[in-house]
Structures are given as structure tokens and as C-alpha cells.
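# Observations on the model geometry
Chain by chain, the residues run as shown.
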Amino acid sequence: MSQDDPKTLVSTAWLNANLKDPDLRILDASWYLPTDPRDPKAEYDAAHIPGARFFDIEEISDHRSNLPHMVPPVEKFLSRIRALGVGDGHQIVVYDGAGLFSAARVWWLFKLMGHDDIAVLDGGLPKWTSEGRPVTDEPPVIRDRHMFARTRDEMVKDVTEVSRASKLMDHVIIDARAADRFKGEAAEPRPGMRAGHIPNSRNVPFTTLLNADKTMKDPAELKAIFEAAGVDLSKPAITSCGSGVTAAVLCLAMERFGKTDHALYDGSWTEWGAFPTVPIATGEA
């Protein structure tokens, strides 16, 4: 049983015990790959944890970019969060319908914006419902709440910074995609992508960090998985994946075992794999 920490990960039991706290805000941040036909908003409308608001990862993003769900401009983030009735002084718990998949992206996004009081629900909605805990189709009552942002720009990297880190090897780049995609043996879910990985990166598929019930493994196990994958934990880390969603699961895992010098490559493989001038490696790390 992982330790409850309102800044990283909390259990379904913790959330159930705090469900009536007036300063608690719950976000449903369900999102699925383009190859998965699930409709997260329709699922939210049908059944969500009482009081939860729907956080739309695609909508609360930078629509000026041709890359999917990039970090939104600060003003847009704040206006959308305020409209959800979430603000300073709130403890946020974010979950998703897959167990532990897209919720970590929203956890990371709030951290990037300077809001620390946010945790991912361990095991997500599947674990919550499997335990017979309450769900509702009632929309929450929303009251405006002000939120202040203090962006931590060091937590996000662009293609130039990642390219430099790949060459200099002064950071460790960790890829959360499945091993066959990392090696370049499987097709990418988005058309037009080259197959392979960023040179000098290591592969820690995010699924290896989870138990069968989609809860996160305990901190000692997590650390051992990173080390077994050849991740040099003495270097600052940059996480990457297909489009910047599951890379955040790696950030959450590192935070759980006390490694705080991590950043996320927002464009991830959707950018790198389509960028004609950057090199690609295939095979094992």
C-alpha cells in the first residue's frame, strides 16, 4: 500500500475519507489515444466521482500549436481552471478512466503552473468503482475561485533543448512508450511518424511502473525499475513519450522516490518523429 501524499498520489480510501472537505476539488482528466474509441466526456457525463469537474486535456491546451495538447498559455489555463471553480487554497485530486494514464499529465501541468497541492488518485476511476464507491451523473455546483500562477519553466523542454541534451548527455532522457515503439519495431499510432527513439535515451515503459490494478508501485520498486533500465539518476531527467501525456507518469514516479530534478519534453515523439532534421536511433537503448 503506497503512502498517501497530497502532493503526489492518494489512495481511494484517502479520497473517500476527504470527499466532503469543502476545500477539496476533484478533476476527471480522462483522455485516450487516437486509436482508442472511448469518449471521455460522455463517460464523465454518465458517471463520475461526486463533485468531480471534467478537465479537457485537448481543449485546455495551446491551440496555436499544430502539436496535440501542448501546454496552454498561462492566461488560458487560469481562465479555464477558474471556470471549473478551482483556485488557490484548494487541494486537488485528479483521476482518469484508465486507472493511471492521463491524470499524471494534469498533475504535472498544475505543478508547472506553480500549484503544488495536487495529487493523482492511485488506480483512478476503475479502482474507485471496483470498490463500490459512489459515482454520480450530477454536474457539480461551481463557484469562481481565483488562482495565481508561478510558472516553473525549468519543468518543460522544447525540441532544441532535448536535442542539445541528447548530444551532450548532460541529462538523462527517459521514454515512456512501449518497448517495441522505442526500438522502432512497431508503427506509431499517429500517421507520418518515423519509428525509433531519441538518441541516448532510455526506455521505461510507463506500464512497468504500475501494478495489475493500475495503482503505482511503491517508491523503492519504482527507483529499481529506473535503475534497471540504465537511467543515471544522478543527472537531471527529461521525460518523453508519444505526445507528452504518459511522460508525466514517469515524472510522478520519480517524484514518489524523491527525484525532483525532472522536466517533460512537451512535443515528445509527435514532434521529434516528424522533425526531419533530428536524428533517430532504433533498437535497444
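Below or above, wherever it landed, is the structure these notes cover. (Residues numbered from 1 in each chain as written. Predicted model: local features only at pLDDT ≥ 70, side-chain atom pairs only at ≥ 80, totals over all residues. Heavy atoms only, no water.)

### Some remarks on helix 8 (residues 219–228)
Given 3.6 residues to a turn, an α-helix orients residues that are three or four positions apart in the same direction. Applied cut-off: Three labels apply to residues, based on accessible area from a 1.4 Å probe with only protein chains included: buried if under 20% of the type maximum, exposed if over 50%, partly exposed otherwise in between. By definition, any uninterrupted DSSP run of H or I lasting at least four residues is a helix, any uninterrupted run of E lasting at least two residues is a strand, and each is numbered from the N terminus. As used here, the arc belongs to the directions running from the helix axis to the C-beta atoms.
Of the residues making up helix 8, those classed as buried are Leu222, Ile225 and Phe226. Buried residues in helix 8, looked at end-on, bunch into an arc of 95°, giving them a common side. Facing away from the buried side of helix 8 by over 90 degrees, the exposed positions are Ala220 and Ala228. Looking one or two residues past helix 8, Gly230 carries a phi angle of roughly 85°, positive in sign.

### Focus: the sheet that holds strand 2 (residues 24–28)
Two orientations exist for strands paired in a sheet by backbone hydrogen bonds: parallel and antiparallel. Under the convention used in this document: The pairing criterion is simple: DSSP has to find at least two bridges between the two strands. We call two residues in contact when some of their heavy atoms are within 4.5 Å. Every angle, taken between N-to-C directions, lies between 0 and 180 degrees, and every axis is a line fitted to C-alpha atoms, over only the stretch in contact when it is a helix.
Taking strand neighbours across the sheet as the criterion, the 5 strands line up as 1-5-4-2-3 in an open arrangement whose pairing is parallel. Where the open sheet ends on each side, the last strands, each with one partner, are strand 1 (9–10) and strand 3 (53–54). In this structure, strand 2 lies alongside strand 4 (residues 91–95), joined through 5 bridges in parallel fashion. Bridge assignment links Arg25 to a residue of strand 4, and that residue is Ile92. Docked against the sheet, helix 4 (residues 103–112) engages strand 2, strand 4 and strand 5 (118–121), running at close to 175° with respect to strand 5.

### Focus: the nonpolar core
Using the following cut-off: Joining through side-chain atoms within 4.5 Å is the link that ties buried Ala, Val, Leu, Ile, Met, Phe, Trp, Tyr and Cys residues into a set, and such a set is a nonpolar core.
Counting residues in hydrophobic clusters, the biggest one holds 57 residues, and the most contacted among them are Phe55, Phe77, Trp108, Phe110 and Phe226. Secondary-structure elements contributing two or more residues to this core are helix 3 (74–83), strand 4, helix 4, strand 5, strand 7 (172–175), helix 8 and helix 9 (247–256). With sequence-adjacent residues up to four places away left out, Phe77 is seen in contact with Phe55, Ile60, Pro72, Leu109, Phe110, Met113 and Met147. Counting residues in hydrophobic clusters, the runner-up holds 16 residues, among them Leu24, Tyr44, Leu121 and Trp128.

### Considering the pairing of strand 4
Sheet faces and side chains relate simply in a regular strand, where the side chains alternate between the two faces. The condition is simple: A clockwise path from the first strand over the helix to the second, with the strands pointing away from the viewer, defines a right-handed crossover.
For strand 4, the buried fraction is high: 5 of the 5 residues fall into the buried class. Every second residue of strand 4 is oriented toward a common face, with Gln91, Val93 and Tyr95 on one face and Ile92 and Val94 on the other, all of them buried. Pairing geometry for strand 4 and strand 5, over 3 bridges, is parallel. By the bridge assignment, Ile92 is partnered in strand 5 with Ile118. Taken together, strand 4, helix 4 and strand 5 constitute a β-α-β crossover, and its handedness is right-handed.

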